[in-house]
Amino acid sequence: MSNLFTRLKDSISADLNDLLDQKEQKNPIAMLNQHLRRCEKEVKRVRELIDRQYLLKDQFIKEYHQSTEMAAKRQHQAEIAQRASETELYTFALKEQEDYAQKAERLKSAYDTTVKQLDQLEQKYAEMKRKLKDMYLKRMELMSRENIANANHRIDQVIQPERAFGQSFSRFEESEMYLEQLEQKVNTNYHQNTIDARIREIERQLEKDNA
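Owing to the predicted nature of the structure, the values given are computational and were not obtained by experimental measurement. (Residues numbered from 1 in each chain as written. Predicted model: local features only at pLDDT ≥ 70, side-chain atom pairs only at ≥ 80, totals over all residues. Heavy atoms only, no water.)

### Comments concerning the pattern of salt bridges
- Counting across every chain of the model gives 7 salt bridges.
- For K95, the salt bridge goes to D99, with nearest N and O atoms at 2.9 Å. Taken together, the positions of K95 and D99, both in helix α3 (residues 87–159) and 4 residues apart, correspond to about one turn of that helix.
- On the basis of relative accessibility, which here comes to 46%, the residue K95 falls in the partly exposed class.
- Classification of D99 by relative accessible area gives partly exposed; the value is 33%.
- Where salt bridges share partners, they join R47, D51 and E122 into one cluster. (Salt bridge = Lys/Arg side-chain N within 4 Å of Asp/Glu carboxyl O. Helix = DSSP H or I, 4+ residues; strand = E, 2+ residues; numbered from the N terminus. Buried < 20%, exposed > 50% of the residue type's maximum accessible area, 1.4 Å probe, protein only.)

### Some thoughts on the confidence of the model for the chain
- Summing up the model confidence of the chain, the mean pLDDT is 77 and the portion of residues at 70 or higher is 69%.
- Confidence, expressed as mean pLDDT per element, reaches its minimum in the chain at helix α1 (residues 2–26) with 50 and its maximum at helix α2 (residues 28–83) with 90. (pLDDT = per-residue confidence, 0-100.)

### Side note on unusual backbone geometry
- Of note, the phi angle at S85 is positive, near 60°, even though the residue is not glycine.
- Relative to the helices and strands, S85 resides in the loop between α2 and α3.

### Topic: the nonpolar core
- Membership of the largest hydrophobic core is limited to 8 residues, which are L32, L36, C39, V43, I50, L118, Y125 and L132.
- For this core, the element with the highest residue contribution is α2, accounting for 5 residues. (Core = buried A, V, L, I, M, F, W, Y, C linked by side-chain atoms within 4.5 Å.)

Laid out in structure tokens, this is it:
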């Protein structure tokens, strides 16, 4: 049963692809517009992801400063507890200072990585926008060529119909010539038959008069 569904799905996909190919051949500009709309959505989606990454970068640096401040604060408290011979308090403050320091280190690393990634993403995003712009220009060129082709086709229909209709026009001329030849042949046969009949009638009249 699964194989049947797989074959059915493949068959439907193939039919859809054929329809899309036919549509593209009939109206390439429409298919290009559809492709451009998909690209526009992708560019917008990438911009949203980059903006979200900027928010994460700001959050990383904020958390980093807070952890750094807390590490410094616990370091100062540990020194006070040590001078006061508060062993338990000293141990707790020192442990907190180490945790905050490690956290700050991780956050700083994450921040630096995010900054580098953002730089790479911005470059790739700029390249995507350039390519999208190039596709816009290509579409304009194709639309211009299509307009010129359509205009020339309509002009040819008015000024040079033999070029616009091509082979159909030639066949029409051939049909006209055939009809003319046929008409001449019919007229010739008619005149020949008429003359023959007239001569026979004259001959009969002459024979009648002689008798």
